[in-house]
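For reference, the chains in residue letters:
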Amino acid sequence: MIKVGIIGSTGYAGAEIVRILLNHPEAEIVWYGSRSYVDQKFASVFGNFTEIVDAKCLDDNIEELSKEADVVFTATPQGYCATIVNDVVLSNTKIIDLSADFRLKDVSVYEKWYKIEHKSPQYIDEAVYGLCEVNRDKIKNARILANPGCFTTCSILTIYPLAKEHLIDMDSIIVDAKSGTSGAGRGAKLPNLFCEVNESIKAYGVATHRHTPEIEEQLCYASGEDVVIDFTPHLVPMNRGILATAYAKVKDGVTSDDIRAAYNKYYENEYFVRVLEDGVLPETKWVEGSNFLDVNFKLNPRTNRVIMMGAIDNLVKGAAGQAVQNMNIMFGLPENMGLKLVPMFP
């Protein structure tokens, strides 16, 4: 049985880790960490866990936690994990970090986009980027796992096969993405109030969103080329879900059959990536509550562009579900253990 600690268990992603792991046959949660709710019952924070979780929230004493847990999930704001990781902690436990602290390999890029100083850059090279369908061989032996962001997971996996097979011009990529409000976290913020969000849709972080360099870096690895993209996220009035629509020029002679063959080559045997039938387009409602990515495309011969579409649940495949998938890989378990979550509808 894998003993699990969660720091930040009372955020949306942390609570989603709890929900998933309670049905995981090989995992036991031993630490519900939450600085804001120390000594309060976890179920008093999230009423859906009433009479399911009796434990109280503990502090974030990483030294003590690392002695009790085989793996620690840090579902915390940017900068936190980098302040607590050290050689002693890593000798005791594995870290799966849901923030951006170890996703980017260039510390100057991290500090530029996140506007904070990185407190433990000595671990950046060791950290493994936990995009399971791409890096599983590296994930197996990781001590520090950088769980990808939600926009990045959806965008990268939607584009990856075409970048890897050199079917598109990498300098022509535009990503337009829509997210539900849970992606902004549980903290009280004026732009996320019901009256601000309901019956509206708005772009934000235009040309400045912090997931941009993460998408670029991973597509650079995939294609072997320098990549600069336009990425524009939008906030829509729903709780969960991301729909990413990406556009790119195709290379001369590339056909729809070539594109479908590329998706099938990389995803045919991937449990959590569903390449939809021709003409069936991804929708967030068909992945809600699950760890699936639904993906499809349309080649527009009039503009010589391919339109790539992907949909995920931002709290599952975009955060907690992928984190558990990474845990399964790290501990030699089937990747879908505890994650055979049928999407919820309606």
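The structure under discussion appears in the preceding block.
Remember, it's a predicted structure, so these values are computed and weren't measured experimentally.

What counts and what doesn't
Residues numbered from 1 in each chain as written. Predicted model: local features only at pLDDT ≥ 70, side-chain atom pairs only at ≥ 80, totals over all residues. Heavy atoms only, no water. Axes fitted to C-alpha atoms, helices over the stretch in contact; angles between N-to-C directions. Helix = DSSP H or I, 4+ residues; strand = E, 2+ residues; numbered from the N terminus. Parallel < 35°, antiparallel > 145°, perpendicular 65-115°, else oblique. Left-handed = near helix turned anticlockwise from the far one by under 90°. Contact = heavy atoms within 4.5 Å. Nonpolar A, V, L, I, M, F, W, Y, C, P; charged D, E, K, R; others polar. Pairing = 2+ DSSP bridges. Core = buried A, V, L, I, M, F, W, Y, C linked by side-chain atoms within 4.5 Å. Buried < 20%, exposed > 50% of the residue type's maximum accessible area, 1.4 Å probe, protein only. Salt bridge = Lys/Arg side-chain N within 4 Å of Asp/Glu carboxyl O.

Trainee: Describe in detail the packing of helix α1 (residues 12-21) against helix α12 (residues 316-330), supporting the description with residues and values.
Mentor: Here α1 crosses α12 at 50 degrees, and the two axes come no closer than 9 Å. Comparing the axis directions of α1 and α12 gives the class oblique. With respect to the hand of their crossing, α1 and α12 are arranged in right-handed fashion. Residues Ala13, Glu16, Ile17, Arg19, Ile20 and Leu21 of α1 pack against Val316, Ala319, Ala320, Gly321, Val324 and Met327 of α12. Tallied by class, residues from the contact of α1 with α12 come to nine nonpolar, one polar and two charged.

Trainee: Any details on the sheet that holds strand β3 (residues 71-74)? Residues and values, ideally.
Mentor: As summarised here, the arrangement of the six strands in space is β2-β1-β3-β4-β6-β5, forming an open sheet in which the pairing is parallel. A strand with exactly one partner marks an edge of an open sheet, and here the two such strands are β2 (27-33) and β5 (128-129). Where strand β1 (residues 2-7) and β2 come together, six bridges link them in parallel fashion. Across the sheet, the residue bridging to Ile7 is Gly33, located in β2.

Trainee: Give me the lowdown on the nonpolar core, citing residues and values where you can.
Mentor: Formed by 43 residues in total, the largest nonpolar core has its most connected members in Val4, Leu21, Phe42, Phe73, Ile96, Leu98 and Met327. When residues in this core are grouped by element, the largest group, eight residues, is from α12. Not counting chain neighbours up to four residues away, the residues in contact with Leu98 comprise Ala13, Ile17, Phe73, Thr74, Ala75, Arg103, Asn147, Ala319, Ala320 and Ala323. Counting 41 residues, the second largest nonpolar core, distinct from the first, contains Ile156, Leu167, Ala246 and Ala248.

Trainee: Can you tell me about the sheet that holds strand β12 (residues 293-300), naming the residues and giving the values?
Mentor: Taken in spatial order, the seven strands line up as β8-β9-β7-β10-β13-β12-β11 in an open sheet, and their pairing is mixed. The sheet is open, and its two edges are formed by β8 (202-203) and β11 (273-275), each paired on a single side. Taken strand by strand, helix α8 (residues 150-164) contacts β7 (174-179), β9 (230-235), β10 (242-249), β12 and β13 (305-312), and its axis lies near 140 degrees from that of β13.

Trainee: Describe in detail the pairing of β13, supporting the description with residues and values.
Mentor: Most of β13 sits inside the fold, with seven of its eight residues counted as buried. As defined by bridge partners, β10 adjoins β13 across eight bridges and the pair is classed as antiparallel. Bridge pairing links Ile242 to Ile312 in β13. Pairing between β12 and β13: seven bridges, direction antiparallel. The residue bridging Leu299 from the neighbouring strand is Val306, located in β13. Taken together, β12 and the strand that follows it, β13, pair antiparallel across an intervening segment of four residues, in which Asn304 is found at a positive phi of about 60 degrees.

Trainee: Can you lay out the environment of Val280 for me, pointing to particular residues and giving the numbers?
Mentor: Structurally, Val280 can be placed in the loop between β11 and β12. Classification of Val280 as partly exposed rests on a relative accessible area of 41%.

Trainee: Explain the pattern of salt bridges to me, and be specific about the residues and the numbers.
Mentor: For the structure shown, the criterion picks out 16 salt bridges. Of the charged contacts in the structure, one is a salt bridge between Lys265 and Glu165, with a shortest N-O distance of 2.9 Å. Of this pair, Lys265 sits in helix α11 (residues 256-267) while Glu165 sits in the loop between α8 and β7; the two residues are 100 residues apart in sequence, bridging distant segments of the chain. With its nearest N and O atoms 2.4 Å apart, the salt bridge here joins Asp176 to Lys178. Among the residues examined, Lys178 registers a relative accessible area of 25% and is labelled partly exposed.

Trainee: Let's hear about unusual backbone geometry: which residues, and what values?
Mentor: Residue Pro346 is reached from Phe345 by a cis peptide bond, and omega for that bond is -5 degrees. As for its placement among the helices and strands, Pro346 is situated in the segment after α12. In this model, Lys115 sits at a positive phi of 60 degrees, which is unusual for a non-glycine residue. Among the secondary structure elements, Lys115 is positioned in the loop between α6 (107-114) and β5.

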